[in-house]
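Structural features, examined
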Amino acid sequence: MRRISLWVALAAGVLLLLAGFHPALLPYFNDDARYSDAVVSHWPNALYLRQSVLEHGAFPLWRETIMAGQPFAANPLNKTAYPFQWLALLLPPAAHLNLLIVGHLLLAGIGMGAWARAVGLVGVAAIVSTVAYTLSPVLLAHVGAGHVDILYALAWWPWLMLAVRRVLGVGGRGPRLLLAVSTALLFLADVRVSLFAFLMAGGYAVYGLRRAAIGRQALSLGLAGGLFLWLTAALTVPLLAWSPYLSRAALTPADAGTLALQPGHLFGLLLFGVPPGVETVTYVGLPVLVLAVTGLWTFRYRWAGAAALLVILLYALGPNGPLWPLLTQLVPGLLWFRVPARAWLIVAVCAPLLAGYGWQRLIGLVEHLRNGETINGLRAGRLAAAAFAAGMVGFGLFALLVLEIPDVIGAGAVFVGGVLGTALLLGLTGRLAPQRLGWVLVTLVMIDLWWVGVHWVKWRGADEWLDPQRPLAEALIADGAARVYSPTYSLEQQAAEAYGLRLFGGIDPFQLSGVVEAVEQGSGVIAPGYSVILPAAVGARGDDLSAANQDAIPDTQVLAAWDVSHVAAAYPMTAPGLEYAATINGVYVYRNRDYTPVSRMAAVPAWPLDWPGLPDAATVERLNQLTLTAALVSGAAWLVVAAAVIQKFLSWRYTRLVKS
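Residues numbered from 1 in each chain as written. Predicted model: local features only at pLDDT ≥ 70, side-chain atom pairs only at ≥ 80, totals over all residues. Heavy atoms only, no water.

**Things to note about the overall build of the protein chain**
When helices and strands are counted, the protein chain shows 23 helices and 10 strands. The C-alpha atoms of the protein chain give a radius of gyration of 27 Å, which matches the 26 Å a tight globule of 660 residues would have. Seen through its C-alpha atoms, the protein chain measures out along the principal axes to roughly 90 × 60 × 50 Å. Going through the 660 residues of the protein chain one by one, you find that 55% of them count as buried. (Helix = DSSP H or I, 4+ residues; strand = E, 2+ residues; numbered from the N terminus. Rg over C-alpha atoms; globule rule 2.2 N^0.38 Å. Buried < 20%, exposed > 50% of the residue type's maximum accessible area, 1.4 Å probe, protein only.)

Below, the structure is given as C-alpha cells:
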C-alpha cells in the first residue's frame with residue numbers, strides 16, 4: 001500500500017500545485033464561475049459550527065442567518081453528523097475545508113488502490129486505477145464547484161466496495177467494522193450519493209454471496225447494518241422528524257428531473273468540456289475510457305456489465321429517457337434525490353477499476369505477442385487502434401475549427417487521442433515493448449487528467465468572495481438591519497454569516513415549506529418550480545443575478561411580519577413601503593417603513609406566530625431536543641468505533657514489533 005499511497009500523493013500534489021491551491025483559498029469551477037458551494041454553503045456552515053461551540057458553548061441546533069431561520073444540525077448539508085466536520089473547531093473555515101478536500105482526495109485514491117488490489121490487480125495495473133480515480137474528472141468537477149460533500153462520499157465509495165468484498169470473503173470483526181463505518185461515513189457525507197453507492201454495493205453483495213456460507217455472510221451484513229443505524233442516528237432521526245415540514249416532499253417529476261443527461265452529453269466521453277455543467281459531466285478521461293472498455297470487453301460477465309451500464313445511462317437520462325419516469329411512479333421517494341445525472345457517478349467509480357483491468361489485459365497481450373504467440377483478433381485490434389488515432393485527431397481538429405468550444409478541449413483531444421492511438425498501434429505491432437507501453441499509458445492517463453483538472457479547478461481568496469461584501473454588510477449593520485431581503489442575492493450567505501446578518505431567503509436545498517410560502521408572498525416572486533434559491537432567480541442570466549426578479553413587487557407588510565427591516569437589490573426599486581437609504585458599490589439599499597422592531601428576534605425560531613405550514617415554538621423545541629439526543633447517541637457510537645480502531649491498530653503494531 002505504500003507504493004499506492006505515493007502515487008496518490010504524486011497525482012493529487014501535482015494537481016493541487018498546478019491549480020493554485022492554498023490553505024486560505026477556496027475552489028471554483030474554472031475561471032468563469034461566479035459562485036462556489038464551498039464559499040456559499042460550506043464555509044459559512046463551518047464558521048457557524050465553530051462559533052456556536054467555541055464562542056457560545058452550544059451545540060448548533062438552529063441558525064437564523066439564512067432562510068429566515070432553519071434547523072442547523074438536522075440539515076444534511078451542514079454535516080454536523082459527519083465526524084470529520086468537527087475539525088472545524090481546530091482550524092479556520094477555509095483551512096478546515098481544504099484539509100478535508102486534500103484528505104478525501106488521498107482517501108479516494110488509496111481506497112481505489114486497495115479495492116483494485118483486492119480484486120486481483122497488481123503492480124502498475126493497480127496504480128492505473130488509483131491515479132484514474134484520484135484525478136477522476138467527475139470528482140474534480142465537483143471539487144471545483146465546491147460540492148465537497150459529494151467529494152467526501154466519493155472518497156468512501158471504494159472503501160465500501162472493499163468492505164463488502166471482505167465481509168463476503170474472509171468475514172470477521174475487522175471487515176464488519178469497515179463495512180459499517182464506510183457505509184455510515186458515505187451516507188453522512190452525502191445522502192443523495194449514497195443511493196447509488198448502496199445500490200452498487202447491494203448488487204456487488206448479491207454477486208458475492210455463496211450458498212455454503214450464506215448464513216455467516218447474512219449475519220455479518222446484519223451486524224454491520226445495525227452499527228450503521230447507530231452511527232447515523234444523528235442525521236436520520238432529525239431528518240425524518242423534520243420531513244413533514246420540508247418543501248422537498250412536494251417535488252414533482254419536472255422539479256426533480258431538471259439536471260439529467262441528454263443524449264448529446266455522451267460526446268463528453270471524448271471531449272472533457274462537453275457539456276459544461278458540473279452535474280452532467282460524463283468525461284472519465286480518454287485513456288481511462290479506452291482502457292476501461294478494454295477491461296470490460298475482457299471481463300467474464302461483459303454482457304451483464306454492458307446491460308448494467310445501459311440501465312445506469314437510462315436512469316441518468318431522467319425525463320429524457322423511459323426508465324426514470326417509470327421508476328419515480330413506482331417509487332415516488334426517488335424524487336427526493338433529484339438530479340438523475342448523478343447515476344453516472346457509478347460509471348465514474350467503475351471506470352478506473354476497469355481501466356486497471358484493461359491495462360493488465362493489454363500489457364499481457366503485448367507480452368504474448370513479443371513471445372511469438374498467436375493472438376486471435378490481433379488484426380482487428382491493430383485496425384481499431386489506427387482508426388482511433390486517426391478518428392480522435394480528426395475529431396479534435398473538427399472541434400477546433402468548426403465547433404464553438406475552447407481551443408484547450410480540441411487540442412487535448414488531438415494530442416491525447418493521437419498519442420494514445422499511436423502507442424496502442426505500436427504495441428500491437430510489436431514495435432513498443434510491453435513495459436514501455438505500460439508506462440506510456442500511465443503517463444497519458446496522468447497528463448490527460450491533470451490537463452482537465454487544471455482547467456476545471458481554480459482556488460480563489462477571500463479578497464474575491466468576501467471582502468467586496470464588506471462595505472454593504474457594514475452599512476447594513478450601521479443602519480440597524482434586523483433581517484435583510486435581497487431579490488438579486490446582493491448580500492451573499494458567506495458575508496451574512498461572517499457579519500452576523502440575517503437573511504430572508506438564501507441558497508439551501510433544505511427548505512421549510514412554510515418559509516418558502518412566506519418568501520414567495522413577501523418577495524412577490526412565484527417560483528415556476530422547485531428552486532434551491534429563495535426567492536427563485538426569475539429572469540436571471542446564468543450566474544448573473546443582477547436582473548433577477550426585477551418585475552416582482554415585494555409586499556413590505558409581509559416582509560415586516562418576518563422582521564425584514566432592509567431590502568438590498570442590484571437595481572432601483574419603487575415598491576410602496578420602501579425608503580431609499582444608500583447605494584453601496586452598486587447595490588441599492590432600502591429601509592422597510594412597515595417594519596417595527598420586535599422582541600422575538602432573540603427567540604428560536606424568530607417567526608411570526610401561527611404562520612401556516614410551520615411548527616410552533618414548542619414543536620421546534622421538541623424537535624431540537626430530539627436532534628440533540630440523536631447526536632449524543634451517535635456520538636457514543638463513534639466513540640466505541642474509535643476505541644475499536646485504536647485497539648486494532650495497537651494490536652497490529654504489537655504484532656509487527658514481535659515479528660521484527
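**With respect to the packing of helix α4 (residues 124-134) against helix α14 (residues 345-370)**
Two elements in contact, α4 and α14, have axes whose closest approach is 8 Å; the angle formed by their N-to-C orientations is 155 degrees. Considered as vectors, α4 and α14 are oriented roughly antiparallel to each other. Of the two elements, α4 crosses α14, and the hand of that crossing is right-handed. Residues Val124, Ala125, Val128, Ser129, Ala132 and Tyr133 of α4 form the contact with α14, whose participating residues are Ala348, Val349, Pro352, Leu353, Ala355, Gly356, Trp359 and Gln360. Class assignment of the residues belonging to the contact of α4 with α14 gives a composition of 11 nonpolar, three polar and no charged. (Axes fitted to C-alpha atoms, helices over the stretch in contact; angles between N-to-C directions. Parallel < 35°, antiparallel > 145°, perpendicular 65-115°, else oblique. Left-handed = near helix turned anticlockwise from the far one by under 90°. Contact = heavy atoms within 4.5 Å. Nonpolar A, V, L, I, M, F, W, Y, C, P; charged D, E, K, R; others polar.)

**Side note on the packing of aromatic side chains**
Per the counting criterion, the structure on display carries 25 aromatic pairs. Summarising the aromatic geometry, the rings of Trp62 and Trp242 are spaced 6.1 Å apart at their centres and angled 40 degrees between planes, so their arrangement reads as tilted. Placement of the pair is Trp62 in strand β2 (residues 62-63) and Trp242 in helix α9 (residues 214-242), with a sequence separation of 180 residues. The pair formed by Trp62 and Trp242 is uniform in burial state, with each residue classed as buried. Three or more aromatic residues joined by ring pairs form one cluster here, namely Trp62, Trp242, Tyr245 and Trp607. A cation over a ring is seen here: Arg63 above Tyr48, with NZ or CZ 5.7 Å from the ring centre. (Phe/Tyr/Trp six-rings, centres within 6.5 Å; stacked < 30°, edge-to-face > 60°. Lys NZ or Arg CZ within 6 Å of the ring centre and 35° of its normal.)

**Things to note about a positive patch on the surface**
On the surface, Arg2, Arg653, Arg656 and Lys659 cluster together to form a positively charged patch. When residues in the positive patch are grouped by element, the largest group, three residues, is from helix α23 (residues 617-659). Along the polypeptide, Arg653 turns up in helix α23. You can call Arg653 partly exposed: its relative accessible area is 35%. (Patch = residues over 30% accessible without salt bridge, like charges linked within 9 Å, V, L, I, M, F, W, Y side chains within 5 Å. Areas by Shrake-Rupley, 256 points an atom, 1.4 Å probe, with all protein chains shown as cover. Salt bridge = Lys/Arg side-chain N within 4 Å of Asp/Glu carboxyl O. Lys, Arg positive; Asp, Glu negative; His and termini not counted. Charge placed at Lys NZ, Arg CZ, Asp CG, Glu CD.)

**Considerations on helix α16 (residues 407-428)**
Its 22 residues place the ends of α16 31 Å apart at the C-alpha level, agreeing with the 32 Å of an ideal helix rising 1.5 Å per residue. Remark: Gly430 follows α16 within two positions and exhibits a positive phi of approximately 80 degrees. (Expected span 1.5 Å × (residues − 1).)

**Focus on the pattern of salt bridges**
Opposite charge on two side chains lets them pair, provided their charged atoms get close. What the rule picks out here adds up to 11 salt bridges. A salt bridge links Asp149 to Arg192; the nearest nitrogen and oxygen atoms lie 3.5 Å apart. Placement of Asp149 in helix α6 (residues 148-168) and of Arg192 in helix α8 (residues 191-208) is noted, with a sequence separation of 43 residues between them. On the basis of relative accessibility, which here comes to 3%, the residue Asp149 falls in the buried class. Across the salt bridge formed by Asp190 and Arg192, the nearest N and O atoms sit 2.5 Å from each other. As far as burial versus exposure is concerned, Asp190 and Arg192 are alike and both buried.

**Observations regarding unusual backbone geometry**
Here the bond from Leu534 into Pro535 is cis, since omega is -5 degrees, no more than 30 degrees from zero. With respect to the helices and strands, Pro535 occurs in the loop between β7 (533-534) and α22 (556-561). Despite not being glycine, Asn30 shows a phi value in the positive range, around 70 degrees. Positionally, Asn30 belongs in the loop between β1 (26-29) and α2 (37-54).

**Thoughts on the nonpolar core**
Across soluble globular proteins, nonpolar side chains show a tendency to be buried alongside one another. Among the nonpolar cores identified, the biggest contains 208 residues, and Trp115, Trp157, Trp359, Leu491, Phe504 and Trp562 are the most heavily contacted of them. Looking at this core element by element, the count peaks at 17 residues for α6. In this structure, Val40, Tyr489, Leu545 and Ala548 belong to the second largest nonpolar core, which totals five residues. (Core = buried A, V, L, I, M, F, W, Y, C linked by side-chain atoms within 4.5 Å.)

**Here we look at the environment of Ala348**
You can see Ala348 is positioned in helix α14. By relative accessible area, which is 4% here, Ala348 ends up buried. Sequence-wise, Ala348 and Tyr283 are 65 residues apart; in three dimensions their C-alpha atoms are separated by 8.5 Å. Excluding its chain neighbours within four sequence positions, the residues that come into contact with Ala348 are Tyr133, Ser136 and Val138.

**Some thoughts on a nonpolar patch on the surface**
Together, Leu397, Phe398, Leu401, Val402 and Leu403 make up a nonpolar patch on the protein surface, roughly 490 Å² of accessible area in all. Inspection of the secondary structure puts Phe398 in helix α15 (residues 378-401). For Phe398, a relative accessible area of 42% puts it in the partly exposed group.

**Considering the side chain of Lys79**
Within the secondary structure, Lys79 sits in the loop between β3 (70-71) and α3 (93-118). In this structure the side chain of Lys79 is engaged in a polar contact, spanning 3.0 Å, whose partner is the backbone oxygen of Ala189. Apart from the residues lying within four places of it in its own chain, the contact partners of Lys79 are Gln85, Asp149, Leu188 and Ala189. (Polar contact = N/O pair within 3.5 Å; in protein donor to acceptor, adjacent residues only side chain to side chain.)

**Considering the pairing of β1**
A regular strand places its side chains so that they alternate between the two faces of the sheet. Side chains of β1 alternate between two faces, with Leu26 and Tyr28 and Pro27 and Phe29 buried alike. One ladder, built from four bridges, connects β1 with strand β4 (residues 457-460); its direction is antiparallel. Its bridge partner lying in β4, Phe29 is registered against Val457. (Pairing = 2+ DSSP bridges.)

**Description of the sheet that holds strand β10 (residues 587-592)**
If you trace the four strands from one edge of the open sheet to the other, you get β5-β8-β10-β9, paired in mixed fashion. The open sheet terminates on both sides in strands that have one partner only, identified here as β5 (484-485) and β9 (578-584).

**Here we look at the packing of α3 against α4**
A pair of packed helices is captured by two measures, namely the crossing angle of their axes and the spacing between those axes. It is at 8 Å that the axes of α3 and α4 come closest, and there the two elements cross at 150 degrees. Taken as axis vectors, α3 and α4 run roughly antiparallel relative to one another. Here the hand of the crossing between α3 and α4 comes out right-handed. Across from Leu105, Ala108, Gly109, Met112, Gly113, Ala116 and Arg117 in α3, the residues of α4 making contact are Ala126, Ser129, Thr130, Tyr133 and Thr134. Of the residues contributing to the contact of α3 with α4, the split by class is six nonpolar, five polar and one charged.

**Brief notes about the side chain of Asp508**
Within the secondary structure, Asp508 is located in the loop between β6 (506-507) and α21 (513-523). A polar side-chain atom of Asp508 sits 3.0 Å from a polar atom in the side chain of Asn75. Excluding anything up to four places from it in sequence, Asp508 contacts Ile66, Met67, Gln70, Asn75, Leu77 and Val532.

**Considerations on α2**
With 18 residues, α2 extends 24 Å from end C-alpha to end C-alpha; this agrees with the ideal 26 Å at 1.5 Å per step. Maximal helix bending in α2 amounts to about 25 degrees, located at Trp43; proline Pro44 follows within four positions. Extensive coverage of α2 is indicated by the burial of 13 of its 18 residues. (Bend = angle between axes of the 7 residues up to and from the residue.)

**Digging into the environment of Leu107**
One can find Leu107 in helix α3. Assessed through its relative accessible area of 21%, Leu107 is described here as partly exposed.

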